[in-house]
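Structural features, examined
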Amino acid sequence: MQIGFSINEILFLVTLATGLCWVAWRHRLRRMAAPPANKPLWVSFGAELFAVAALMFTCRIAVADWPKVPSGSMEPTLRVGDYLLVNHLAYGPRLPFTNTAIEFGQPQRGDVVVFRFPLDVSQFYVKRLVGLPGDKVAFRDGAVSINGAPFDVQMVDAGKAEEDRGQWMVRETAAASSRTVKINPFLQGRLPLNLQDGGLATHCQSERAGAWECTVPAGQYLMLGDNRDNSADSRVWGFLPHDQVYGKAVRVLVNFSDLKRAWTAL
């Protein structure tokens, strides 16, 4: 089991420390005839911050949080600088310092999922879930099909964003889930499958760079970025264990470089 140490764990420790300060201050007040005119520093910066810290921690763990997208691996769906609304109630919150979840639901094909990066669980990644346990995922030149279905792709108008120039925009439908993906016409998904990874070597076969098939093992998922030629995803680091799933990204809250993206559904 891998234990992450990220902003959630830091918030937990802050909540714990301020909570102890609050309890100690309440206990001391009961022994005083009257509250002191000047509060100790540890009260001002400890006990009185407890409610704020506890509220932030509860919201991030149990309800939702708002990470910022740092890279273009999910373009055109997500853009650098997007702040995401991540719904923890979609799958259920995970307790800090553990991979224990209070599960309310299961990830589905096509979900934009925030998860702990399996090779460094202190980091959070966001990718699209392409394959569920037991699915047979075929990949050809940047597009995917699921469980033997025909490839269903359509070229769409190129985006107007600077980072989309010279790229193909393709509407991909797989297992009743559709999305627009970005493909570099000079690469067309030729990022090689990392068969040095034990899970990929066991469950995948590669015909050539950009053409492979994988059967997703039990308890794991196959994740891809929508920017198919600029994404370090399951092709690089392997399948995603279920216990590293963190939440479902449902909307773009805001992007201060492009305010028109505010409240965009994913």
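Presented here is an overview of the structure given in this document. (Residues numbered from 1 in each chain as written. Predicted model: local features only at pLDDT ≥ 70, side-chain atom pairs only at ≥ 80, totals over all residues. Heavy atoms only, no water.)

Before going further, it helps to examine the nonpolar core. Among the nonpolar cores identified, the biggest contains 15 residues, and Val 130, Val 137, Val 144, Trp 212, Cys 214, Leu 222 and Phe 239 are the most heavily contacted of them. Contributing elements (two or more residues each) for this core: strand 5 (136–140), strand 6 (143–146), strand 11 (211–215) and strand 12 (220–224). With near-sequence residues (within four places) excluded, Trp 212 lies in contact with Val 137, Ala 138, Phe 139, Arg 140, Leu 193, Gln 205, Ser 206, Glu 207, Leu 222 and Arg 235. (Core = buried A, V, L, I, M, F, W, Y, C linked by side-chain atoms within 4.5 Å. Buried < 20%, exposed > 50% of the residue type's maximum accessible area, 1.4 Å probe, protein only. Helix = DSSP H or I, 4+ residues; strand = E, 2+ residues; numbered from the N terminus. Contact = heavy atoms within 4.5 Å.)

The sheet contact formed by strand 5 and strand 11 spans five bridges and is antiparallel. The residue of strand 11 that forms the bridge with Ala 138 is Glu 213. Bridge count for strand 10 (residues 204–208) against strand 11 is four bridges, and the pairing is antiparallel. Across the sheet, residue Gln 205 finds its bridge partner in strand 11, namely Glu 213. Between strand 10 and strand 11, which pair antiparallel and follow one another directly, the connecting turn spans two residues, one of which, Gly 210, has a positive phi of 90°. (Pairing = 2+ DSSP bridges.)

Tracing the chain through its elements places Asn 184 in the loop between strand 9 (177–183) and helix 4 (198–203). Excluding its chain neighbours within four sequence positions, the residues that come into contact with Asn 184 are Gln 167 and Asp 229.

This next bit is on the sheet that holds strand 6. Across the sheet, four strands lie side by side as 6-5-11-10; this open sheet has antiparallel pairing. The outermost strands of the open sheet, each flanked by one partner alone, are strand 6 and strand 10. Sheet twist, expressed as the mean angle between neighbouring strand axes with direction ignored, is 15°. (Axes fitted to C-alpha atoms, helices over the stretch in contact; angles between N-to-C directions.)

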